[in-house]
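Letter by letter, the chains look like this.
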Amino acid sequence: EGCTPGYWRQPQHFDSWEGYLPTDLLSQYFDLPATLERPESGVDPASLDLLDAVTLRGGKINAVTRHAVAAILNAASSGVNYDLSEGEIVALYNQAVATGSWKDALATLVEFNEQFCGLN
């Protein structure tokens, strides 16, 4: 099971966030890539919170970031039977950031996040 970033960014679903808050900084959980951009607002990546991250637009590392946040929310949820643990997700993301090899990480996260979402 897995819910998409689109599910997690909707205010009516904030009650499904378990163990994380929309205002938690992305950097509390993930390594920040130098290439992360948020062109729609020009916000410094170091100031991105989880809600900002799950709403990032664009592809490449932005897409991996968006899906990694959705993935940890899926893994933390008692209502989702997710394929990866929170630790595995963080390691996958951080490896993609460290190596610049984001395609495989993105493919994995998209596949798992686009499964059946049984949450409200």
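Numbering of residues begins from 1 in every chain and follows the order in which that chain's sequence is written. Per-residue local features are limited, in this predicted model, to residues with pLDDT of at least 70; the limit for side-chain atom pairs, both in listing and counting, is 80 or more; totals at the level of whole chains, interfaces and linings are taken over all residues. Here the side-chain values reflect all heavy atoms present in the structure, with hydrogen atoms and water set aside.

This brings us to the packing of helix 3 (residues 60-76) against helix 5 (residues 103-113). Their axes nearest at 9 Å, the elements helix 3 and helix 5 cross at an angle of 45°. As far as their axial angle goes, helix 5 and helix 3 are oblique. Once helix 3 is placed against helix 5, the crossing between them reads as left-handed. Contacts between helix 3 and helix 5 involve Ala63, Val64, His67, Ala68, Ala70, Ala71 and Asn74 on the former and, on the latter, Ala105, Leu106, Leu109, Val110 and Asn113. Whenever a helix is involved, its axis is fitted only over the stretch in contact; in every case the axis is a line through C-alpha atoms, and angles between N-to-C directions fall within 0 to 180 degrees. A run of H or I in DSSP counts as a helix once it spans at least four residues, and a run of E counts as a strand once it spans at least two, with each numbered from the N terminus. If an angle is under 35 degrees, it is roughly parallel; if it is over 145, roughly antiparallel; if it lies from 65 to 115, roughly perpendicular; otherwise it is oblique. Whether a crossing is left-handed or right-handed is set by the direction in which the near helix is turned from the far one by less than a right angle, anticlockwise for left-handed and clockwise for right-handed. Residue contacts follow a heavy-atom distance rule, with two residues in contact if any of their heavy atoms lie within 4.5 Å.

Looking now at the state of the cysteines. In what follows, a disulfide is any cysteine sulfur pair within 2.5 Å. Per the stated rule, a full pass over the model turns up one disulfide. Through a disulfide, Cys3 is tied to Cys117; the S-S separation comes to 1.9 Å. Residues Cys3 and Cys117 share a disulfide whose torsion about the S-S bond is about 80°; that sign makes it right-handed. With Cys3 in the segment before helix 1 (5-8) and Cys117 in the segment after helix 5, this residue pair connects regions lying 114 residues apart in the sequence.

This next bit is on the environment of Ser16. Relative to the helices and strands, Ser16 resides in the loop between helix 1 and helix 2 (50-54). In the structure, Ser16 is positioned 63 residues away from Gly79 in sequence and 8.4 Å away in space, judged by C-alpha atoms. Those residues in contact with Ser16 that sit more than four places away from it in its chain are Tyr7, Trp8, Ser77, Leu119 and Asn120.

Here the focus is the packing of aromatic side chains. Each pair of aromatic rings is reported with the distance of its centres and the angle of its planes. The criterion for an aromatic pair is that two Phe, Tyr or Trp rings (for Trp, the six-membered ring) have centres within 6.5 Å, with stacked assigned to planes under 30 degrees apart, edge-to-face to planes over 60 apart and tilted to the rest. Applying the stated criterion across every chain yields a total of six aromatic pairs. With a centroid separation of 5.0 Å and 90° between ring planes, the pair formed by Tyr7 and Trp8 is classed as edge-to-face. Only protein chains enter the accessibility calculation, which uses a 1.4 Å probe; a residue whose area is less than 20% of its type maximum is buried, one above 50% is exposed, and one in between is partly exposed. The exposure class of Tyr7 is buried, given its relative accessible area of 8%. Accessibility expressed as a relative area gives 0% for Trp8, which makes it buried. A ring pair is formed by Trp8 and Trp17, whose centres lie 6.5 Å apart and whose planes are at 85°; its orientation type is edge-to-face. Taken together, the aromatic side chains of Tyr7, Trp8, Phe14 and Trp17 make up a single cluster linked through ring pairs.

Our next topic: the nonpolar core. Think of a nonpolar core as a cluster: buried Ala, Val, Leu, Ile, Met, Phe, Trp, Tyr and Cys residues, connected wherever their side-chain atoms sit within 4.5 Å. Counting residues in hydrophobic clusters, the biggest one holds 35 residues, and the most contacted among them are Trp8, Phe30, Val69, Tyr82 and Ile89. Element by element, the count of residues in this core is highest for helix 3, at ten residues. When near neighbours in sequence (up to four residues on either side) are disregarded, Tyr82 contacts Glu1, Gly2, Ala71, Asn74, Ala75, Ile89, Leu109, Phe112 and Asn113.

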